[in-house]
Structure formats: structure tokens, C-alpha cells
Amino acid sequence: MTSSADAQRDLIAYLDFHVESGVDLALDEAPHDRFQEADTPAPTLRRTAPARDAPVEAARRALPPRDAVSSRKEAPPAPEKAPSPPRTYGQSASAKPEEAATDARARAREVGTLAELEALLADFDGCPLRFTAKNLAFSDGNPAAKLMFIGEAPGADEDRVGKPFMGRSGQLLDRMMAAIGLDRTMAYVANVVPWRPPGNREPTIQELAVCRPFLERQIELADPDIIVCLGSPATKAITGTKDGILKARGRFYPYAMPHRTVRALATLHPAYLLRQPMQKRLAWRDFRLLRAALDGKA
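A. Structural detail: the pairing of strand E2 (residues 147-151). Counting buried positions along E2 yields five of five residues, so the element is predominantly enclosed. With burial as the criterion, each face of E2 is covered, one bearing Leu147, Phe149 and Gly151 and the other bearing Met148 and Ile150. For E2 and strand E4 (residues 226-230), the ladder comprises four bridges, and the chain directions are parallel. Within E4, the residue paired with Ile150 across the bridge is Cys229.

B. Structural detail: the environment of Gly151. Within the secondary structure layout, Gly151 lies in strand E2. On a C-alpha basis, the gap between Gly151 and Ala190 in space is 6.4 Å, while along the polypeptide they are 39 residues apart.

C. Broad picture of the environment of Gly162. Positionally, Gly162 belongs in the loop between helix H8 (156-161) and helix H9 (168-178). Residue Gly162 is classed as buried on the basis of its relative accessible area, which comes to 15%. Each C-alpha atom of the pair Gly162 and Ala133 lies 9.9 Å from the other, and the pair is 29 residues apart in sequence. Setting aside residues up to four positions removed in sequence, Gly162 forms contacts with Asn135, Leu136, Ala137 and Phe138.

D. Representation of the sheet that holds E2. One open sheet accounts for six strands, arranged E1-E3-E2-E4-E6-E5; its pairing is mixed. Pairing within the sheet leaves two strands with one partner each, and these edge strands are strand E1 (140-141) and strand E5 (252-256). Note that E1 and strand E3 (residues 188-191) share two bridges and pair antiparallel. Its bridge partner lying in E3, Gly141 is registered against Tyr188. The sheet strands contacting helix H10 (residues 205-222) are E2, E3, E4 and E5, and the helix crosses E2 at an angle near 165°.

E. Region of interest: the nonpolar core. Ile150, Trp195, Phe214, Ile219, Ile227 and Ile238 are the most contacted members of the largest nonpolar core, which has 36 residues in total. Going through the elements one at a time, helix H6 (97-110), helix H7 (114-123), E2, E3, H10, E4, helix H11 (232-239) and strand E6 (261-267) are the ones with two or more residues in this core. It is H10 that contributes the most residues to this core, six residues altogether. Not counting residues within four places of it along the chain, the set of residues in contact with Ile219 comprises Met148, Ile150, Pro224, Ile227, Ile238, Tyr255 and Met257. In this structure, Leu182, Val189, Leu230 and Ala248 belong to the second largest nonpolar core, which totals 26 residues.

Quick notes on the rules
Residues numbered from 1 in each chain as written. Predicted model: local features only at pLDDT ≥ 70, side-chain atom pairs only at ≥ 80, totals over all residues. Heavy atoms only, no water. Buried < 20%, exposed > 50% of the residue type's maximum accessible area, 1.4 Å probe, protein only. Helix = DSSP H or I, 4+ residues; strand = E, 2+ residues; numbered from the N terminus. Pairing = 2+ DSSP bridges. Contact = heavy atoms within 4.5 Å. Axes fitted to C-alpha atoms, helices over the stretch in contact; angles between N-to-C directions. Core = buried A, V, L, I, M, F, W, Y, C linked by side-chain atoms within 4.5 Å.

What follows is the structure, encoded as C-alpha cells:
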């Protein structure tokens, strides 16, 4: 059963989606002079019975009684109309999710640089999110850095700019990095899903499966020494853990690449910290652990 809080959150997300799409005002079909309407009293309406046309009245009298009509055998209901097929965008988008994921894995293996991978994603039509997002938010920061941050998916600001962590969450992430002596020139930043889901909803399992091969190839090409998973979706996608983020955070997990295994640290997403400021103390512990790992002390 949906609670009132869930319904209110869904309504706000629905309104935010329209605002982000450019809908900010509802208009009638014809213009109204609101100043004249305010000065002119509303006319008094009187209900009058419409005059019956003579042929219509005669036809009405010729109808059989209601009892006779109701006693007749009712006609069988008309067969339901078959639903229209969903709208698709090209061959890859019309494929099943598992087929799109297989196609994504085959294409990801063909690229040899991060620039080629970004160009491939810009033309990839196997994920429906590409057609609802404004821009591809592929990465930010230094791809040669040995530290890589991975979040969940772009938000409205990231979708507009075309880079991950550009809004309030990105500003908090910058402050968190600065607290341990880092900035974006010392880290590479990406997301599990490079396109913004409508209304900032969570990516579906199918969307995550289609985008996963590209993320794995992105990590392999960036070749970081340490990965920081920001939030539960990124942690589960990278580590495979089933634990919630509050249980998983503050721990290093092994992440296997084709040529070596690196460490992945789970921590809280900056967007979560903006909603729950009291949990910043936990993130501070995680970032101190990250600093020690970068210094070779953990």
C-alpha cells in the first residue's frame, strides 16, 4: 500500500520531470483578459429546458418500454483492441535487454581508448535512457589519475552540462576531496549509468545491465589503483555485495580487471549526505581511510 509520503514524493518527482523538460506554465487554449474579468460581475445563469423537436418527440414515443428493452438479450461485448507495440528507436533499442547487453559487451571490447568509448556511447541506441536525456555525462577529472570515483547516474545539472557531479552533490564531493588534500585533477569521476533517468529515478535492472559493459571497459581503460563507490547502486554494481550501503561502507572490496585486481572502497553518496547531514561523520571516516590508502598506510 502506497503511503502518503511516497505519493507526495512521486508527485514531486513527476512535477520536477516536467519542469526539467521546460514545462513551467499551464495555458488555456484561448487567452483570457484577467483584468476585465476581475471588474465585470459574472452573469447570472438560468437553467431553461430545451425545446423538444416534434420529430424527435414522436420518435421517443415510438420507443418500446424500458422493461421490454432491458429484457432483451444483451449483445456480447466487443473484443478488446490489441495494445499498440511500444515505440522503439532503431534496431538496438528494440532488442530485448539481454540482447542489448550482449551487443554492448561486444562493442565495448572493440574500443581501445576512453575517447573511443565516449564516442561509442554517444551513438549507442541500446539503452532507452539516451532518448530521454539531454546529454551524455561520460566523465570528468583526470583519466590518468590513480583514483576513480563512481556514482549512480547523472542528475538535472549533470544532464545539462554533460559531466558527472556538477550540481550540489558535485560541490559537496569537491569539498570532501579537498578535506583530504585532493581535487578533480587528482581523480577520475564517472557514473554507473551515463544518462539521466527521467525524474531522477533509480536506474532499472535492465538499464544497469546494458550500461555495465561500458562501465567495466571504462574502468579497465582508466586503470585506477583505487575505486571509490559512491552510494549503494555503485557499490553493488562494482562489488556485487547485497548489503545495504550503511553496512557496506568503510570497507575495501577486491575488483578484478583482466590484468590485475584493485581495491574498491564503499562510502555514502554526497546526495544522501545532503539529505542526512548527520551521516557526514561516517563519510569523513571513509575518506580518512581513503587518504591512508593513497599514502600506502591502509
